[in-house]
Amino acid sequence: MKIIDRIEAKKPCLSFEVFPPKTSDHYQTIQEATESIASLRPDFISVTYGAGGGTSDYTVEISSHLQEKFGVPTLAHLSCIHSSHQGVRKQLEEMKKAKIENVLALRGDMDKDAPRAGWDYHYASELVREIKNYGGFCIGGACYPESHPESASQAEDIAHLKEKVDAGCEFLTTQMFFDNNIYYNFLYKIREAGITVPVVAGIMPVTNLKQIKRITDLSGTALPQRFRYLLDRFGSTPAAMKQAGIIYASEQIIDLLANDVPAIHVYSMNNASVAAQIQSNLSEIIK
């Protein structure tokens, strides 16, 4: 099933993200976690691609397995840095054989010290165009409501985003945010710029302090004062922090759905209990 069809249906769409193991010795544990999340029967599951291709060997395998065993559509990530045209074509052929119909086209994390000789891609828009020319896939892309960390301004970031959409992106998924007004303001700005594709809201349930440090270090995501109070009050108590983080994320999602946001993507980090509790909190709302 093409994910764009699911997003554009009238029913609210809820999806979860999982990631493959970095090494084969963790495969069984990761597979059990991803199966537990797939057993919740979300509208689709997004399967990540390792930075610099680190876990790309398992992306197609896990995506195919979850589709076949649970009947849940999967969105396989594909990163283009460090990649050649031939390598990307090979990945697309493997996805096609595995009956994967949906691809999230990403540039990938850039290592500023890595040599760039031999790279055939430098921007996600180039990868989107390649996939579009290959044919047969529903193509998604990433977007940054608070601007990409490497962009000089939000206007520049939105201009690059439009290039990606014009190249063939059918929907976008946001980086995580903790203040819904950031999403609403971003949506207004991109609509003004002529970007009309659906924008899936990416939500991260923060369940421990280590997560939030990693998030802010990597993306510079703004933390509203209300969320900081939550961290200060419950951060030192793991069980309380997990419960508070799930409730905060659930409240964000409820507000988004009340404002007619068509699809929510939860960065569940292979944590089946978090995914299950989020889904339970929304059981009547997404019915």
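Above this text you will find the structure in question.
What you are looking at is a predicted structure, and each value in this text was computed from that prediction instead of being measured.

*Asks:* Which residues make up helix H10 (residues 238-258), and what are the values?
*Replies:* An α-helical segment advances 3.6 residues per turn. Residues three or four places apart therefore align on the same side. Taking 1.5 Å of rise per residue, the 21 residues of H10 would be expected to cover 30 Å, and the 30 Å separating its terminal C-alpha atoms lies within 8% of that figure. Positive phi appears at aspartate 260, one or two residues downstream of H10, with a value of about 65°.

*Asks:* Can you break down helix H11 (residues 272-281) residue by residue, with the values?
*Replies:* Inspection of H11 places Val274, Ala275, Ile278 and Gln279 among the buried residues, and these make up the whole buried set. Relative to the axis of H11, the buried residues are bounded by an arc of 130° and lie together on one face. Among the structural elements, strand E1 (13-18), helix H2 (27-38), H10 and strand E8 (263-266) are those in contact with the buried residues of H11.

*Asks:* Go over the environment of methionine 1, please, and point to the residues and values.
*Replies:* Mapped onto the elements of the fold, methionine 1 is located in the segment before helix H1 (3-7). Sequence separation of methionine 1 and leucine 256 is 255 residues, and the distance between their C-alpha atoms is 25 Å. Once you skip the residues sitting within four places of it in the chain, methionine 1 turns out to touch Arg6, Pro73, Glu101 and Asn102.

*Asks:* Which residues make up the side chain of aspartate 43, and what values go with them?
*Replies:* Looking at where aspartate 43 falls in the secondary structure, it is placed in the loop between H2 and strand E2 (44-47). Engagement of the side chain of aspartate 43 in a polar contact is seen with the side chain of arginine 6, the distance being 2.6 Å. For aspartate 43, the side chain forms a polar contact with the main-chain nitrogen of leucine 14, separated by 2.8 Å. If we ignore the near neighbours within four places in the chain, the residues touching aspartate 43 are Arg6, Lys11, Pro12, Cys13, Leu14 and Pro73.

What counts as what
- Residues numbered from 1 in each chain as written.
- Predicted model: local features only at pLDDT ≥ 70, side-chain atom pairs only at ≥ 80, totals over all residues.
- Heavy atoms only, no water.
- Helix = DSSP H or I, 4+ residues; strand = E, 2+ residues; numbered from the N terminus.
- Expected span 1.5 Å × (residues − 1).
- Buried < 20%, exposed > 50% of the residue type's maximum accessible area, 1.4 Å probe, protein only.
- Arc of directions from axis to C-beta.
- Contact = heavy atoms within 4.5 Å.
- Polar contact = N/O pair within 3.5 Å; in protein donor to acceptor, adjacent residues only side chain to side chain.

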